2 protein chains.
Amino acid sequence: MYGRYTQELGVFAKEEAERLRDGGVRDVYLCSLITPGISLLLIPSLCFSVPSVCASRCQKFLISRVGEDWIFLILLGLLMALVSWVMDYAIAFCQEAQKWMYGGLDSNLLLQYIAWISYPVVLITFSAGFTQILAPQAVGSGIPEMKTILRGVVLKEYLTFKTFVAKVIGLTCALGSGMPLGKEGPFVHVASLCAALLSKFMAAVFGGIYKNELRNTEMLSAACAVGVGCCFAAPIGGVLFSIEVTSTFFAVRNYWRGFFAATFSAFIFRVLAVWNQEEETITALFKTRFRLDFPFDLQELPAFAILGIACGFGGALFVYLNRLIVECMRKQKTINKFLLRKRLVYPALVTLLISTLTFPPGFGQFMAGQLTQHESLVALFDNRTWCRQGVAEEFDYISHHHAWKHPQVNVFITLILFTVMKFWMSAVATTMPVPCGAFMPVFLIGAAFGRLVGEIMATMFPDGIHAAGSVYPIVPGGYAVVGAAALSGAVTHTVSTAVIVFELTGQISHILPVMIAVILANAVAQALQPSLYDSIIRIKKLPYLPELGMGHHEKYNIRVEDIMVRDVRYITLNSSYRDLQEMLMTGQLKTLALVESRDSMILLGSIERLQLQSLLSLQLSRQRRLEYLRQLAQDNGTHDHLPTVRFLVSTQQSGLGWGCSSRLKVSPTLTKDLTYEMSFLWIQSLEVPVSSLMQITEWEEQQLDEPVDFKNCKIDPAPFQLVEQTSLHKTHTIFSLLGLDHAYVTSMGRLVGVVSLKELRKAIEGSVTVTGVKVRPPLASFRDSGNTTNVSEVTELHKLCIRHRGLSLPREPNPPNSPPAGLHKECQV
Amino acid sequence: MYGRYTQELGVFAKEEAERLRDGGVRDVYLCSLITPGISLLLIPSLCFSVPSVCASRCQKFLISRVGEDWIFLILLGLLMALVSWVMDYAIAFCQEAQKWMYGGLDSNLLLQYIAWISYPVVLITFSAGFTQILAPQAVGSGIPEMKTILRGVVLKEYLTFKTFVAKVIGLTCALGSGMPLGKEGPFVHVASLCAALLSKFMAAVFGGIYKNELRNTEMLSAACAVGVGCCFAAPIGGVLFSIEVTSTFFAVRNYWRGFFAATFSAFIFRVLAVWNQEEETITALFKTRFRLDFPFDLQELPAFAILGIACGFGGALFVYLNRLIVECMRKQKTINKFLLRKRLVYPALVTLLISTLTFPPGFGQFMAGQLTQHESLVALFDNRTWCRQGVAEEFDYISHHHAWKHPQVNVFITLILFTVMKFWMSAVATTMPVPCGAFMPVFLIGAAFGRLVGEIMATMFPDGIHAAGSVYPIVPGGYAVVGAAALSGAVTHTVSTAVIVFELTGQISHILPVMIAVILANAVAQALQPSLYDSIIRIKKLPYLPELGMGHHEKYNIRVEDIMVRDVRYITLNSSYRDLQEMLMTGQLKTLALVESRDSMILLGSIERLQLQSLLSLQLSRQRRLEYLRQLAQDNGTHDHLPTVRFLVSTQQSGLGWGCSSRLKVSPTLTKDLTYEMSFLWIQSLEVPVSSLMQITEWEEQQLDEPVDFKNCKIDPAPFQLVEQTSLHKTHTIFSLLGLDHAYVTSMGRLVGVVSLKELRKAIEGSVTVTGVKVRPPLASFRDSGNTTNVSEVTELHKLCIRHRGLSLPREPNPPNSPPAGLHKECQV
């Protein structure tokens, strides 16, 4: 009876594990049902339900005929367009609600003020809290993380369903608050999340091709394009921007994927607007109506160039300011400690400050404070001149333009105040721990600055500059477009903002001014500061390989032998299991080198840590233990038969004895698997006689001294090899091209060193210390000053373990034979 | 006296060599002065003269401060804009001249006909002849060759000044003839030529950074962008198109270079038009005036999609037709032989046929035969509807529209005839051996086809489709734009034609229809045929690595060991000079593997062929020969002092004796260097006594038996290594990422095989045989059927040489130890 019960328990446990493993699929189902509003998701859920009903038939057809990628990309585009549209709808609703509240209370200024500030504070605080609790990885833009992931680094928890929910809801609240935050960066992350979850779903339903790891990376890069594309309804700009922002080397064969998905997504996004009767047909998001026949004069180009250069300086300043704020707060220990304890205080305070300043009856009246980002942009891109002869005489009061006109204050003052205030506000707001991007605020500031320059030009040349024939007045809206592209290009170090601007406005007539300004802005900004995303990568200490700077040709002179780690951890063909065990306990490397012998040091391949762990546990497996005990029982006769059998039962189910489990501290996953079996078996184990336990321990020690049998072990026979003389430049290129994590350095087939991303980064940057691959949300960096890092914890654990077991410190693997001083000498025979 | 005279001669020879070496610089000077019209090049020549005057001062400043790339890119952009503009001017002049002649003779139809046909026949024949004589490499588009060059393959003679002159003049004539040919492909080549020559020039003047090989490749890829950019005044589309067409993996860090240079170039190109008072300000090349507020209705999208799909089929058909024509003529032996003898007959005949068909009073009246490409495009992109209710009633007779209206024939018939006739005409015309591209003709055909669909739509829905409210008639011009982008995208397999079309028309309002049509056209065309450029690559048998097809997952199962060449040519550390000599004579490999010994086979590195040649000639050098003779003279006393001294003189100047020079047949470059010295020294040599010659030969044989001294030899210590188990997919990725030509296959450091591009291509394509890296102009392929290739010639030479010298055939290098059957087995200890 008892035996049967435990067997049932085992079955239950297995089913439970199965259920948990399938969680990913369920997540997607949940996602498709809950998040973006049930009503709108009837279409995709129909799409999902059809293949799942006749999956068995469709499967082969779909995969072989129609092309597996197309379906995936269409689904991805559809899903993202829906998410984007629903989110926009929700954000617009939030902002309307705030305006309604604010407008309804116009009798009492104090009440009005409270309504004006409480709304964003509540939303931002909720967003920060919700994100913090559900998935702290959802904080921030997401582009830096995607850049790292596409580089080949696995960032855990960044592509889960939890993060998706946290990001979407957090972002909606953050943007609904009306703070100067953007949706573009987070949307890249959301699209990647969508792609990752959709991949899991498709792999579960269709299997086959969808399980391919390489394919998933390709899909992720297409997803980034979709993110930008459906955010701005800008398919081409979206593809280009995502390439510039996330890739180092771009495979042209992935190009069409991005274009297809982004186009489809942008199309659906705009069709939804038509369907909702917001628009009559598919048009641009911020449609402009500049005149076509003479958009600008040749002699205006210097003004555009100056605007571009100014935007370059502005962009660099923005990145610097943003980093300064984070670093300042991190250094100030008092603030740091306080903020760590009360995580929601910082966003609440920032929101309070910003919303107070934009309060329309207060200071906000001088900076068009009551307008949302969308309204401001529409006004700034207006094709009329706001101001003639310095005074805003002919200002018409249609739509949102009245916000820019103050009875006592000049339009110029309003524009200057708007630009300056929004500049630092955006820099501060983007440091809040909520899901948010900086692209749109920067874009808006650029537009305002461009408008300012344009209005000044219009004042200076009221009849335009054109000398011959007809009068073509200057179009300040064109300057706004140029400014927006230039400033956002400068902050992100991209050229494709030019394309985004054309697609956003639906006009390409200003192509040359935009291109000139964007390129000049990029030239200035790249010379002064890293891009905003690279800056965040540095702040967050993500494991990313920096670019080789232009003109740093001394990098060609550094060789791999100068930067490699000579003390390589390796195992030899005649290592014993004890060596293996020690090796596993002393290092955290994911892969270990396999060499022929300690003398020859010829590199045979590399083995993953997990493989070695399974080799070790196989050696001490239940099967072998069982065999040994059976033999022991035969040798001893039958006098203590019962306890042995009981012990057999226990080991059969626990997998490993106690002597061994202490060793398994190094592999927590394995230990975890055992715990539930152990928990209901501990009573039995007390009945095992001590003599048997002793024998088992002895047997284990024997087993550990045997040489390792690599027969059932997966060896990577082609680990990446470099030669000592490889230049740093070449190494960098190979690492970034192939997305390597480490490479072995060999000399005539003999292992002499290893180079990992860490060494390479140090060599390129000079002496930047990076504490490993762990990624943390921005606020987590406040912890650094007080606590120790995780790496040292592991070391502590390891020391403790050694002291406990009375072992000497593990011997250092012999330093490899001193490497030859170059091939030339050896060739002298 | 005599001695001094020869010394003077030597000095003269040296100076002459110096002068020749500087030829590249002079070429650029010449190019900058002659080709694009002297008057216009005052600006760049000023730019050139300033730095050359105060080069010593400016040099450091320019290179360290301003950034070496910027100057280069500005110069390149400027130069290309000028070339493009001057060429356009010349072409327009040619076409005007033809019209003038044709118009002036309207009294006599026969005279008119002769004038109409003779003009293009003469121009095309001149173009073909000129190109054939000066530089046959200038024939054709140039994009396939640039794709190959950027892949890392060195195609000689493709980036020389001669080719530049031939391409520019040949292209101008070809386009001036009015044949359906394009300037875009050749312009990519011209821009690359410019960049290559400019690099040489800059390296000669400033040295330093401009000599970097890696940089030059980066500049070439920027130049491709400039080529497209300044041809269409489309900077963004230019960059994207050039990336799609030439790259497999694109380094994002090169992105800005292309953008900057292309923008600058497009800017100057359009400024020149303003300066020449063709335009009032900078505008698009084919500016459209579609309405902004409602460019198209949502319900028109199916029509756009159908147009895209039809264009996809059309594009595939075009590529197929083009290849069919070339292959047909190659197979027909009679035609083949005839055409080989009379090279100019084929282009003349084709031109005659095409111009006869377009003769305006003849068949040309039904297909708008009198219009140039530019005029046709302007008319096709017109924003008015040509045809209401099926009859072209309200047709206005402004500008070129009257050509499309025939009194008896419907507009539809004209459009259909135009599309069909131009389709095959373009496919035929682009096979002519003149510098020409196919992009523009295809673009035009697409526009005509789109216009046809648009006019049909306008007839079917005279009041537009839009249901609610105002009437928005259908804009057939929009269909023309979509059709142009879709067909050119289908033929070239690119998506960026969409961007080009926006920049060309100056309107982005049709972005979604264009994107949808282009993507659909690409999907269809890619499924049916390779791109036009890949098709030409196959026809010309260029050494290019094909893409791994989508979904061919069996490629993952093929391993390097299945495709590698096991019989590797190698030299060992204890090889003698004789082995070296034999190795050099038996193979054509550019690099040879250096292994430790024949038994261990441990790969130490690879040595270039040239290095080995210089090692060999160093062993038999004049210095060592001199020493030997001096010693010989000392040993023999002084009895025949005079001849020896004379011999010394001769060897001192000829470098090598006769015995040796026979061996040097393998290195033609070296022999060439010697000829001029030999020519005036042969008289002296007769005076050398026979005994000395015998001694020299003996000495040489001795020297050859010595082991090679690798001290002064440059060894590449890091040749690329793969392991046998590497999958074909991974190998392909690595080869295309790193632009490899070959990689050694090693097993535990031991050389077991080599994989070159050839094997890889064979494995990917199945069993395509390619006869090496030699590149030939299209007509040269006619030769294949009759003659033997050059490779066999070399073999013949080699056999002859061996027979002559009475040597046995060189022994095959030992096949390397049979490679282990996989690491797993070896790991079993």
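Worth saying up front: this structure is predicted, and the values here are computed from it rather than measured. (Residues numbered from 1 in each chain as written. Chains lettered and ligands numbered in written order. Predicted model: local features only at pLDDT ≥ 70, side-chain atom pairs only at ≥ 80, totals over all residues. Heavy atoms only, no water.)

Engineer: What is the right way to look at the overall build of chain A in this model?
Structural biologist: Helix and strand content of chain A: 34 helices and eight strands. Looking at the 829 residues of chain A, the share that counts as buried comes to 59%. Taking as baseline every contact in chain A between residues at least 6 positions apart, the subset at least 24 positions apart corresponds to 78%. In the structure as shown, chain A presents an accessible area of about 35,200 Å², 61% of it carried by carbon and sulfur atoms. (Helix = DSSP H or I, 4+ residues; strand = E, 2+ residues; numbered from the N terminus. Buried < 20%, exposed > 50% of the residue type's maximum accessible area, 1.4 Å probe, protein only. Contact = heavy atoms within 4.5 Å. Areas by Shrake-Rupley, 256 points an atom, 1.4 Å probe, with all protein chains shown as cover.)

Engineer: What exactly am I supposed to notice about helix H20 (residues 511-528) of chain B here?
Structural biologist: Two residues of an α-helix separated by three or four positions point the same way, owing to the 3.6 residues in each turn. Helix length check: H20 of chain B, at 18 residues, gives a terminal C-alpha distance of 26 Å against a target of 26 Å (1.5 Å per residue), a fit within 8%. Within H20 of chain B, 13 of the 18 residues are buried, which leaves the element mostly enclosed by the surrounding structure. (Expected span 1.5 Å × (residues − 1).)

Engineer: When you look at unusual backbone geometry in this model, what are you seeing that I'm missing?
Structural biologist: Note: most peptide bonds trans; most residues except glycine with negative phi. Within the chain, His 493 of chain A stands out as a residue other than glycine whose phi angle is a positive 55 degrees. Locating His 493 of chain A in the fold gives a position in the loop between helix H18 (476-492) and helix H19 (497-505).

Engineer: So what exactly am I meant to see when it comes to the nonpolar core here?
Structural biologist: One broad rule of soluble globular proteins: the nonpolar side chains tend to lie buried together. In terms of nonpolar packing, the biggest core is built from 378 residues, with Leu 181 of chain A together with Leu 181 of chain B touching the most fellow members. Leaving out residues up to four positions away in the same chain, Leu 181 of chain B has contacts with Ile 124, Ala 174, Leu 175, Gln 373, Ala 429, Thr 430, Met 432, Val 434, Cys 436, Gly 437 and Pro 441 of chain B. (Core = buried A, V, L, I, M, F, W, Y, C linked by side-chain atoms within 4.5 Å.)

Engineer: Would you take a moment to explain a nonpolar patch on the surface for this structure?
Structural biologist: All names here are of chain A. Where nonpolar side chains cluster on the molecular surface, the patch consists of Ile 309, Phe 313 and Leu 528 and spans about 280 Å² of accessible area. Within the secondary structure, Phe 313 sits in helix H12 (residues 301-331). Classification of Phe 313 as partly exposed rests on a relative accessible area of 48%. (Patch = residues over 30% accessible without salt bridge, like charges linked within 9 Å, V, L, I, M, F, W, Y side chains within 5 Å. Salt bridge = Lys/Arg side-chain N within 4 Å of Asp/Glu carboxyl O.)

Engineer: Got a minute to help me understand the pattern of salt bridges in this structure?
Structural biologist: Oppositely charged side chains are able to pair whenever their charged atoms sit close together. Residue and element names in this part refer to chain A. This model, assessed by the stated rule, comprises 14 salt bridges over all chains. For Arg 578, the salt bridge is made with Asp 705, and the minimal N-O distance between the two is 2.9 Å. With Arg 578 in helix H23 (residues 577-586) and Asp 705 in helix H30 (residues 690-705), this pair connects stretches of sequence that are 127 residues apart. Residue class for Arg 578 comes out partly exposed when judged on its relative accessible area of 22%.

Engineer: I tried to follow the environment of Ile 133 of chain A on my own but got confused; where do I start?
Structural biologist: By secondary structure assignment, the location of Ile 133 of chain A is in helix H5 (residues 109-134). Through-space distance from the C-alpha of Ile 133 of chain A to that of Trp 386 of chain A is 47 Å; in sequence the pair is 253 residues apart.

Engineer: It is not clear to me how the packing of helix H5 (residues 109-134) of chain B against helix H7 (residues 161-176) of chain B should be interpreted in this structure. Could you clarify?
Structural biologist: Between two packed helices, what matters for the description is the angle formed by their axes and the separation of those axes. Residues and elements named next belong to chain B. Two elements in contact, H5 and H7, have axes separated by 8 Å at closest approach and are oriented at 170 degrees. As judged from the angle between their axes, H5 and H7 are roughly antiparallel. The residues of H7 that touch H5, namely those facing Tyr 119, Leu 123, Ile 124, Phe 126, Ser 127, Phe 130, Thr 131 and Leu 134, are Lys 162, Val 165, Ala 166, Ile 169, Gly 170, Cys 173, Ala 174 and Gly 176. In terms of residue class, the contact of H5 with H7 is built from eleven nonpolar, four polar and one charged. (Axes fitted to C-alpha atoms, helices over the stretch in contact; angles between N-to-C directions. Parallel < 35°, antiparallel > 145°, perpendicular 65-115°, else oblique. Nonpolar A, V, L, I, M, F, W, Y, C, P; charged D, E, K, R; others polar.)

Engineer: Just checking my understanding: could you explain the side chain of Ser 531 of chain B for this structure?
Structural biologist: Here Ser 531 of chain B lies in the loop between H20 and helix H21 (532-540). Among residues more than four places away in sequence, those in contact with Ser 531 of chain B are Val 319, Val 491, Thr 492 and His 493 of chain B.

Engineer: Explain the packing of aromatic side chains to me, please; I cannot follow it from the model alone.
Structural biologist: Two descriptors summarise a pair of aromatic rings, namely the distance from one centre to the other and the angle between the planes of the rings. Residues and elements named next belong to chain A. Under the definition given, this model contains 35 aromatic pairs over all chains. Ring centres of Phe 232 and Phe 439 lie 5.4 Å apart, and the angle between their planes is 40 degrees; on these two criteria the pair is classed as tilted. Taken together, the positions of Phe 232 in helix H9 (residues 213-232) and Phe 439 in helix H17 (residues 439-460) put the pair 207 residues apart, joining distant regions of the chain. Since its relative accessible area comes to 3%, Phe 439 is described here as buried. Measuring from ring centre to ring centre gives 5.2 Å for Phe 241 and Phe 439, while their planes differ by 75 degrees; the resulting arrangement is edge-to-face. (Phe/Tyr/Trp six-rings, centres within 6.5 Å; stacked < 30°, edge-to-face > 60°.)

Engineer: How should a positive patch on the surface be read in this particular structure?
Structural biologist: A surface patch of like charges, here positive, comprises Lys 333, Lys 337, Arg 341 and Lys 342 of chain A. Summarising the element assignment, Lys 333 of chain A is placed in helix H13 (residues 333-341). (Lys, Arg positive; Asp, Glu negative; His and termini not counted. Charge placed at Lys NZ, Arg CZ, Asp CG, Glu CD.)

Engineer: What's the story with the side chain of Glu 503 of chain A in this structure? I'm lost.
Structural biologist: As for its position among the elements, Glu 503 of chain A is in helix H19. No salt bridge is formed by the buried Glu 503 of chain A; its nearest oppositely charged neighbour, Arg 270 of chain A, is found at 11 Å. Ignoring anything within four residues of it in the chain, the contact list for Glu 503 of chain A reads Ala 234, Pro 235, Ile 236, Gly 237, Gly 238 and Ala 284 of chain A together with Ile 508 and Ile 511 of chain B.

Engineer: Can you walk me through the sheet that holds strand E3 (residues 591-595) of chain B in this structure?
Structural biologist: Paired through backbone hydrogen bonds, the strands of a sheet run either parallel or antiparallel to each other. Residue and element names in this part refer to chain B. On the basis of which strands lie adjacent, the open sheet formed by four strands has the order E2-E3-E4-E5 and mixed pairing. Each end of this open sheet is capped by a strand with a single partner; those strands are strand E2 (570-572) and strand E5 (715-716). Relative to E5, strand E4 (residues 603-608) runs antiparallel, the two sharing two bridges. Directly across from Ile 607, in E5, lies its bridge partner Ile 715. In the packing of helix H24 (residues 609-619) onto the sheet, contacts are made with E2, E3 and E4, and the angle to E4 comes to roughly 80 degrees. (Pairing = 2+ DSSP bridges.)

Engineer: Looking at this structure, how should I read the pairing of strand E8 (residues 750-756) of chain B?
Structural biologist: Here is the key point about a regular strand: its side chains alternate between the two faces of the sheet. Residues and elements named next belong to chain B. The buried fraction of E8 amounts to five of the seven residues, a majority that puts the element mostly inside the structure. Looking at chain direction, strand E7 (residues 742-747) and E8 are connected through six bridges and run antiparallel. Bridge pairing in E8 links Ser 747 to Arg 750.

Engineer: Help me out: how do you make sense of the packing of H23 of chain A against helix H24 (residues 609-619) of chain A in this one?
Structural biologist: All names here are of chain A. It is at 10 Å that the axes of H23 and H24 come closest, and there the two elements cross at 135 degrees. Relative to H24, the element H23 lies oblique. In this structure, the crossing between H23 and H24 has a hand that is left-handed. The residues of H24 that touch H23, namely those facing Tyr 577, Leu 580, Gln 581 and Leu 584, are Arg 609, Leu 612, Gln 613, Leu 615, Leu 616 and Gln 619. Of the residues belonging to the contact of H23 with H24, the class tally is six nonpolar, three polar and one charged. (Left-handed = near helix turned anticlockwise from the far one by under 90°.)

Engineer: Is there a simple way to explain the sheet that holds E7 of chain B in this structure?
Structural biologist: All names here are of chain B. Taken together, the three strands give an open sheet; going across it, the order is E6-E7-E8, and neighbouring strands pair in mixed fashion. The open sheet has two edge strands with one neighbour each: strand E6 (721-723) and E8. Averaged over all pairs of adjacent strands, the angle between their axes in this sheet comes to 40 degrees, without regard to strand direction. Strand contacts of helix H31 (residues 728-738): E6, E7 and E8, with the helix running at about 170 degrees to E6, the strand carrying the most contacts.

The analysis is restricted to geometry; functional conclusions fall outside its scope.
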